[in-house]
Structures are given as structure tokens and as C-alpha cells.
Amino acid sequence: MTAVGLAKRGLGLVLVLAVLLLVVGQLLGQPILLGYVATGSMEPTIDTGDGFVAIPSLVAGDVEEGDVVVYQARTLHDGGLTTHRVVGETEEGYVTKGDANPFTDQDGGEPHVTEGQIVAEVWQPAGTVVTIPQLGTAVLAIQGVAASAAGVVASVFGLATMSGNGLGALMVAIGVALLGFGTLFERLGPSKRETRRSRSRENVIAFWTALGLVLLVFVTFATAAMVVPSGTTEYELISSESPDDNPQIVAPGETATLTRTVDNSGYLPIVVVHEAESRSISADPARQTVGIRDSGETTVSLSAPEETGEYTRHLGEYRYLAVLPPSVLFWLHDLHPLVAIASVNGVVVGLAVGIVLVIFGSNDIRFRSAGDHIPLSTRLHRKLRKWRRNRD
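Residues numbered from 1 in each chain as written. Predicted model: local features only at pLDDT ≥ 70, side-chain atom pairs only at ≥ 80, totals over all residues. Heavy atoms only, no water.

Trainee: I tried to follow the side chain of Glu317 on my own but got confused; where do I start?
Mentor: Tracing the backbone shows Glu317 in strand β16 (residues 309-321). Within the structure, the side chain of Glu317 is placed 3.3 Å from the side chain of His274, a separation counted as a polar contact. Polar side-chain contacts of Glu317 include one of 2.7 Å to the side chain of Arg319. If we skip the residues at most four places from it in the chain, Glu317 touches Pro229, Ser230, Gly231, Arg260, Val262, Val272, Val273 and His274. (Helix = DSSP H or I, 4+ residues; strand = E, 2+ residues; numbered from the N terminus. Polar contact = N/O pair within 3.5 Å; in protein donor to acceptor, adjacent residues only side chain to side chain. Contact = heavy atoms within 4.5 Å.)

Structure, rendered in C-alpha cells:
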């Protein structure tokens, strides 16, 4: 292939990947490397329909004044993702504002933004936002089609009741698995000559193909089991001079306590980590192991400020399959949640490879079709000839 051909192929792959990232990011409710704005509230920094590079909050670091963030709003845009700049910080959270807006989001009725609501930060080296002109325009045109297609797929596979976050997580897991397995089999799989030879034999499944399918299934469901139940829970708290029997209505300065139940409906024990994603909230125990098809309980404490009013607290939950000792998983989580997920998937891959090798060996798998049936008379004739040769 010529250099021009390679360049065209690479450009096409980049464009396809960009569109996929934007579409899946919308389904997931979490920008994946790329995001876009659909309004002019951030002009002239980001024009309507422009794209931007989105850094997930897990790796973006601390939010500072002047950062442009993508957060899950509660009132703006009907509770959708909002891309605005952080212009201040209070005890209750961040103050945000669109560059083109004359007032802050909080002046317009949006509660203060907490850490748990922020899903990404916009990449702005040297304080300047990097934009990709009109990248989001094409996505807006096909977003409805993609959402409809995802709904059809969800219904076919019995996922009709799954949330957008859960479905998006499954799609991301499948995409990551395919990318990783493609690289693995490109490097470690059979050569082109062997592949052609395997394909030339009827009713034969190459060993690497079978292994790839098994790994895809195992990693996809392992990732979904960890990601889908995880997430951020929002708790409402009212600080009032007239508290009542409602545990979330307390006197100023008092603490409300709630019981949170962690259910494990799977056939592997799980390790659960609860982390505060806003101020004045805590969980006890913050870390626990829940057995197979069992449940655990965590006490959530919500502290009310001295001022009366309605407040919001956020608590994050992270789940990991307990294929490693809990102490190791806790340590990996402290390094980074993605490190813990990757480590669990690594163990799952090792176990899956071992199972495939034990059951099938490392040879290609042959199966019989209807055309491979040998008539009984032919088999008897062959056995008779063999018996005569042995007698002679």
C-alpha cells in the first residue's frame, strides 16, 4: 500500500473513531476523549457545534477556578451534560458560568456543582481551550439514529430496562475488548499463511479465533459486572429549624444517618469501595467485601450546614470482582480505579485462557456438519476390510 493510501486509510479510521467516541459518550453520559457543545453559552471560547478534547475526571486531577468542566446538571438542559467554566468555589461546591452568559448557573437556579457531578474537564493547555470546529454538528445529525439503534439492540438482548449508563458501559467494554484483542492477535496470533490454510479447511475453527471469542465474552461481562452497578448516588438533605421524622430533614449543624444496602446478585464475591464525592458526606464502612448472592450494609452520614436550606451530597461507589485479595484490590483502587479494573480483567483473561487450553488444547477445533455423516454400511465395510487385513 502506498503512503497516500495509508494516509487516507488512517484519516478514515480517525474520523470513524471520532464519531464513535462522540456517539458512545452521549449514550454513556460521559465524554470519551471528545465532547461538543450544542448551544452558544460558551462563545467565543467554544462555538455552537464545536468539539473539544475531554479529559475524564478520574485522570484530570483537581478542579481549579478557570477550568472548563463538563458536569451533570440538575436543572440546566433538563438535567443533561453542561459544559461551563468554574468561576468560584464555596463550601457547597463550585460556581459555574457560561462565558457568554451574563449570570452564573447558580444565579439561574442550578445548585452548586459538586465533585460527583463533574464527569470531565476540557483540555486547555496554557489556559486556551483547544476546539475542533463543527465536530459535533455531524454527531447531532445522527444522534437520534444511534439512540434508536441502541434501543433496538437493548431490546433484542433483554437489556430494555438497562439505563443509558449501563448500556453505554457495555458498548465501551466491547469496544475496548475488541481493540485489545485485535492488537493481541495481530502480534501473537497465527501468521497470514496459517490463517489462509485454516480457512481453506472446512468445518475448522482456528484456535486463536475460539480463544478470542471466549476472551471477548469473559472481559465484556466482567467489565459490565463492575461498571454497570457502580456510579454516584445523590442524597438530598434539608437543614431546617423544624426537623421531623424524615431522616434527611435535620436541624442546622446536625448529622443525618442513612443505611445503604449493597446487593451482590452474581456468582463471584465483590469488593466495594465508597468514596465521598462532595463535602460533608461519609460512609462506614467505606470498604467491604460482599459474598456470593449476598448483601452488605453501609451507614451514610450527611452533615447539614449551620444555614437552613436544601443541599445535595454525592457518594461514589466502585465495585470489583474479588478475583484478587481484597487488600490488593483496595491498594490498586487507591492507585486508580482504572488500574483496579484492568488488573481484574487481566486475571479474568488468564483464567479464561487456562479454561480454553484445558478443554480444547491449543489445536484448531473441528466439528462435523450434516455433510460429514458416513453411512453405516460404509463404516461396516471399512471395519470388515481392516479385520481381514489383520487376519492375513
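Right, picking up where we left off after that structure.
Trainee: Can you walk me through a nonpolar patch on the surface in this structure?
Mentor: A surface patch of nonpolar side chains, about 620 Å² in accessible area, is lined by Val217, Phe218, Phe221, Ile355, Val358 and Ile359. Assignment of secondary structure puts Val358 in helix α8 (residues 337-360). (Patch = residues over 30% accessible without salt bridge, like charges linked within 9 Å, V, L, I, M, F, W, Y side chains within 5 Å. Areas by Shrake-Rupley, 256 points an atom, 1.4 Å probe, with all protein chains shown as cover. Salt bridge = Lys/Arg side-chain N within 4 Å of Asp/Glu carboxyl O.)

Trainee: Can you walk me through the nonpolar core in this structure?
Mentor: Counting 18 residues, the largest nonpolar core has Met226, Tyr320, Leu321, Leu329 and Val344 as its most contacted members. Among the elements of the structure, α6 (207-227), β12 (270-276), β16, α7 (326-335) and α8 are those that each provide at least two residues to this core. Not counting residues up to four positions away in its chain, the partners in contact with Tyr320 are Met226, Pro269, Ile270, Val271, Val273, Leu329, His333, Pro337, Ala340, Ile341 and Val344. (Core = buried A, V, L, I, M, F, W, Y, C linked by side-chain atoms within 4.5 Å. Buried < 20%, exposed > 50% of the residue type's maximum accessible area, 1.4 Å probe, protein only.)

Trainee: Explanation requested: the side chain of Glu110 in the structure shown.
Mentor: With respect to the secondary-structure elements, Glu110 resides in the loop between β5 (93-97) and β6 (118-122). Although Glu110 is buried, it makes no salt bridge; Arg74 carries the closest opposite charge, 5.2 Å away. In terms of polar contacts, Glu110 uses its side chain to reach the backbone amide nitrogen of Arg74, at 2.9 Å. Setting aside chain neighbours within four positions, we find Glu110 in contact with Tyr71, Ala73, Arg74, Thr75, Leu76, Asp105 and Gln117. (Lys, Arg positive; Asp, Glu negative; His and termini not counted.)

Trainee: Just checking my understanding: could you explain a negative patch on the surface for this structure?
Mentor: On the surface, Glu91, Glu254, Glu306 and Glu307 cluster together into a negatively charged patch. Structurally, Glu306 can be placed in the loop between β15 (294-303) and β16. Accessibility expressed as a relative area gives 60% for Glu306, which makes it exposed. (Charge placed at Lys NZ, Arg CZ, Asp CG, Glu CD.)

Trainee: Just checking my understanding: could you explain unusual backbone geometry for this structure?
Mentor: If a residue is not glycine, its phi is most likely negative; likewise, a peptide bond is most likely trans. A cis amide bond links Glu43 with the next residue in sequence, Pro44, at an omega value of 5°. Along the chain, Pro44 turns up in the loop between β1 (33-36) and β2 (51-56). With omega at 0°, the peptide bond leading from Asp284 into Pro285 counts as cis. With phi around 65°, Ser280 is a residue other than glycine that occupies positive phi space.

Trainee: How should the environment of His112 be read in this particular structure?
Mentor: Structurally, the position occupied by His112 is in the loop between β5 and β6. Residue His112 is classed as partly exposed on the basis of its relative accessible area, which comes to 28%. Each C-alpha atom, one on His112 and one on Ala73, is 9.6 Å from the other, the two residues being 39 residues apart in sequence. His112 has contacts with Arg74, Thr90, Glu92, Gly93, Tyr94, Val95, Gln106 and Gln117, leaving out every residue within four places of it along the chain. Polar contacts involving the side chain of His112 include one to the side chain of Thr90, which spans 3.5 Å.

Trainee: Is there a simple way to explain the sheet that holds β16 in this structure?
Mentor: Backbone-to-backbone hydrogen bonds pair the strands of a sheet. The strands run either parallel or antiparallel. Reading across the sheet, the five strands line up as β10-β9-β16-β12-β14 and stay open at both edges, with mixed pairing between neighbours. A single partner strand is all that each edge strand has here, and the edge strands are β10 (249-250) and β14 (287-290). Where strand β9 (residues 231-239) lies against β10, two bridges are found, and the strand directions are parallel. Looking across to β10, one finds that Ser239 is bridged to Val250. Where α7 meets the sheet, its contacts fall on β12, β14 and β16, and the angle it forms with β12 comes to roughly 35°. (Pairing = 2+ DSSP bridges. Axes fitted to C-alpha atoms, helices over the stretch in contact; angles between N-to-C directions.)

Fair warning: the whole summary comes from geometry, so function is off the table for now.
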